[in-house]
Amino acid sequence: MLSRAERACLVIGDISGYTAYLAGSELEHAQDVLADLVETMVGAMRPVLRLAKLEGDAAFAYAPEAKIDSSMLLDTVEGCYFTFRRRLQSIRQATTYQCNACVLIPNLNLKFFAHDGEFVRHRIAGREEFAGTDVILVHRLMKNSVAETFHLNGYALITAACIAATGLDPGALGMQPHRETYEHIGEVPAYMHDLEARWKHEQEHRRVIVTAKNAEMESELLLPAPPALVWEYLTDPVRRMQWQTGTDRVDQFNTSGRRGVGTTNHCVHGHGTVVEEILDWRPFRYFTVRSNIPGLGEATFTFELEPAEGRTRYRVRMEKIRSRKQREAWKAMREPFLSMIGQWYARLAELLAREAAARASEPEAALPEIQPHAH
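Figured I'd write up the structure that's included with this text.

Calculation criteria
- Residues numbered from 1 in each chain as written.
- Predicted model: local features only at pLDDT ≥ 70, side-chain atom pairs only at ≥ 80, totals over all residues.
- Heavy atoms only, no water.
- Helix = DSSP H or I, 4+ residues; strand = E, 2+ residues; numbered from the N terminus.
- Rg over C-alpha atoms; globule rule 2.2 N^0.38 Å.
- Buried < 20%, exposed > 50% of the residue type's maximum accessible area, 1.4 Å probe, protein only.
- Areas by Shrake-Rupley, 256 points an atom, 1.4 Å probe, with all protein chains shown as cover.
- Lys, Arg positive; Asp, Glu negative; His and termini not counted.
- Charge placed at Lys NZ, Arg CZ, Asp CG, Glu CD.
- Core = buried A, V, L, I, M, F, W, Y, C linked by side-chain atoms within 4.5 Å.
- Contact = heavy atoms within 4.5 Å.
- Polar contact = N/O pair within 3.5 Å; in protein donor to acceptor, adjacent residues only side chain to side chain.
- Salt bridge = Lys/Arg side-chain N within 4 Å of Asp/Glu carboxyl O.
- Pairing = 2+ DSSP bridges.
- Axes fitted to C-alpha atoms, helices over the stretch in contact; angles between N-to-C directions.
- Disulfide = S-S within 2.5 Å.
- Expected span 1.5 Å × (residues − 1).
- Bend = angle between axes of the 7 residues up to and from the residue.
- 1 Å grid on protein atoms, 1.4 Å probe; cavity = no way out; pocket = protein on both sides within 12 Å on 5 of 7 lines; lining within 4 Å.
- Points joined across faces, edges and corners; volume = space filled by probe spheres on them.

1. Describing the overall build of the protein chain
- On a plain count of helices and strands, the protein chain comes out with eleven helices and 15 strands.
- For 375 residues, the compact-globule formula gives about 21 Å, and the C-alpha radius of gyration of the protein chain, at 22 Å, lands near that figure.
- Dimensions along the principal axes, computed over C-alpha positions, put the protein chain at roughly 65 × 55 × 40 Å.
- Looking at the protein chain residue by residue over its 375 residues, the buried ones come to 49%.
- As displayed, the protein chain has an accessible area near 17800 Å², and 51% of this comes from carbon and sulfur atoms.
- Taking the 44 positively charged and 49 negatively charged side chains of the protein chain as two groups, their mean positions are separated by 6 Å.

Structure, rendered in structure tokens:
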């Protein structure tokens, strides 16, 4: 029986500097560090991307084309890169034993390759493998001239096919056009996304967050799915319409084809429109919006996600109200508002439980048991 062709976004995460790091370090300690980093990388790619295969210092993953959009792709890639860089820092800072494996940690980096295309599954020696020209192409991208051309080791190289399939606007996002040519494939147009610059921006960008100390209202619940999946349901307009009952539509306006700071949402209800502007965006940890709510006026909310053993501790905080007029309005609408969002989040929890179960049943390569790095 012939395998059925599937279409997906194919992504490879690859630790750069691996060979030089291994050659210059004590083997046992270096393997500890690299195993830790591979686990960190794969953990941050899930569950948006499903692991197809571990390939040494690289992870080959995929997402069915219908299940990923431009925002989730870049949020996942950047979120994984940021998690990787934070893990490098924590390993480096936590050790007091100055072996070469620890001294050389700053030389490691992470790069990604993404392509949209077809593949078929087949079994070889009892293991599932992906096959097809597009699978070959995304692996060929790992051999490229990006480092020489742009002087970068942390980047994402995304093919024009993937850009078109996900609806990204590379110019608006500051991506640089790039081309590679491969034997039997020909010229491959692509775009380079500078992850080192995005990491620097992440460190320097001003936080806008409503904390418990300055909150007028705080709501907390445990949702039955990991943060990346909860994030998708909270931020994707199509997903929001599935649980945000009483909403006629959610119109989202992105200048770059990607959600983030500056994105506006118009949540249209029968009684009016709630206009939201995203002020801060930290996938998959928190985002902050300023909302113009009919009957209340302007209010700022932070939506915070914290991992909790495969689930998510979800907190919503509204900033303290300072005007007397708004306080009077809030007093009258507080209970109906909390009742409404309570119904929304009950529906959200049902949908997340169903989606998490469905994704858990999909085939995925197993991650080997990895011991944490320690001296």
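Picking up where we left off.
2. Remarks on the nonpolar core
- Counting residues in hydrophobic clusters, the biggest one holds 80 residues, and the most contacted among them are F112, F301 and Y345.
- Not counting the four nearest positions on each side in its chain, F112 is found in contact with V11, I12, G13, V77, C80, Y81, Y155, A156, L157 and L195.
- In this structure, L10, I12, V135 and V138 belong to the second largest nonpolar core, which totals 22 residues.

3. Let's talk about the side chain of D116
- Checked against the element boundaries, D116 lands in strand β4 (residues 109-124).
- Reaching out from D116, the side chain makes a polar contact with the side chain of R7 at a distance of 3.0 Å.
- In this structure, D116 is in contact with R7, A8, C9, E65, D134, T159, A161, C162 and A165, ignoring residues within four places of it in sequence.

4. Remarks on the pattern of salt bridges
- Tallying each qualifying case throughout the model produces 32 salt bridges.
- Close ionic contact of E78 with R198 constitutes a salt bridge, the shortest N to O distance being 3.0 Å. Of the two residues, E78 sits in helix α3 (residues 70-94) while R198 sits in helix α8 (residues 195-204), which places them 120 residues apart along the sequence.
- Under the relative-accessibility criterion, E78 is labelled buried at 3%.
- Its salt-bridge partner being R258, residue E78 comes within 3.0 Å of it at the nearest N-O pair.

5. Details of the environment of G262
- By the secondary structure assignment, G262 is in the loop between β10 (247-253) and β11 (264-269).
- Sequence-wise, G262 and E277 are 15 residues apart; in three dimensions their C-alpha atoms are separated by 6.2 Å.

6. A look at the sheet that holds strand β14 (residues 297-308)
- Strands sit in the order β9-β15-β14-β13-β12-β11-β10 across an open sheet of seven strands; the sheet is antiparallel. Bordering the open sheet on either side are β9 (215-223) and β10, each of which pairs with just one other strand. Going from strand to strand, the sheet's axes swing by 20° on average, the running direction of each strand aside.
- Examined bridge by bridge, β9 and strand β15 (residues 311-319) share eight bridges and lie antiparallel to one another. Within β15, the residue paired with M217 across the bridge is M318.
- The sheet strands contacting helix α11 (residues 324-361) are β9, β10, β11, β13 (286-293), β14 and β15, and the helix crosses β9 at an angle near 10°.

7. Focus on the state of the cysteines
- Evaluation of the coordinates by the stated rule reveals zero disulfides.
- The thiol sulfur of C9 is not disulfide-bonded, and the nearest other cysteine sulfur, from C162, lies at 3.9 Å.

8. Re helix α9 (residues 227-235)
- Counting buried positions over the nine residues of α9 gives nine, a clear majority of the element.
- Every buried residue of α9 is accounted for by P227, A228, L229, V230, W231, E232, Y233, L234 and T235.

9. Describing the environment of L234
- By the element assignment, L234 lies in helix α9.
- Residues L234 and L348 lie 114 residues apart in sequence; the distance between their C-alpha atoms is 8.9 Å.
- Setting aside anything within four residues of it in sequence, one finds L234 in contact with R240, W243, F287, L305, Y314 and L348.

10. What about α11?
- Between the first and last C-alpha of α11 there are 52 Å, a value that for 38 residues agrees with the 56 Å anticipated at 1.5 Å per step.
- In α11, a bend of some 50° at M333 exceeds every other bend along the element, and P336, a proline, comes one to four places later.
- Listed in full, the buried residues belonging to α11 are Q326, W330, M333, F337, I341, W344, Y345, L348, L351, L352, E355 and R359.

11. Some points on the layout of surface pockets
- Its volume calculated, the largest pocket comes out at about 560 Å³.
- In terms of lining, the largest pocket is formed by 30 residues, of which the most central are R240, V274, E276, F337 and W344.
- A total of seven residues in the lining of the largest pocket trace back to one element, the largest contributor, which is α11.

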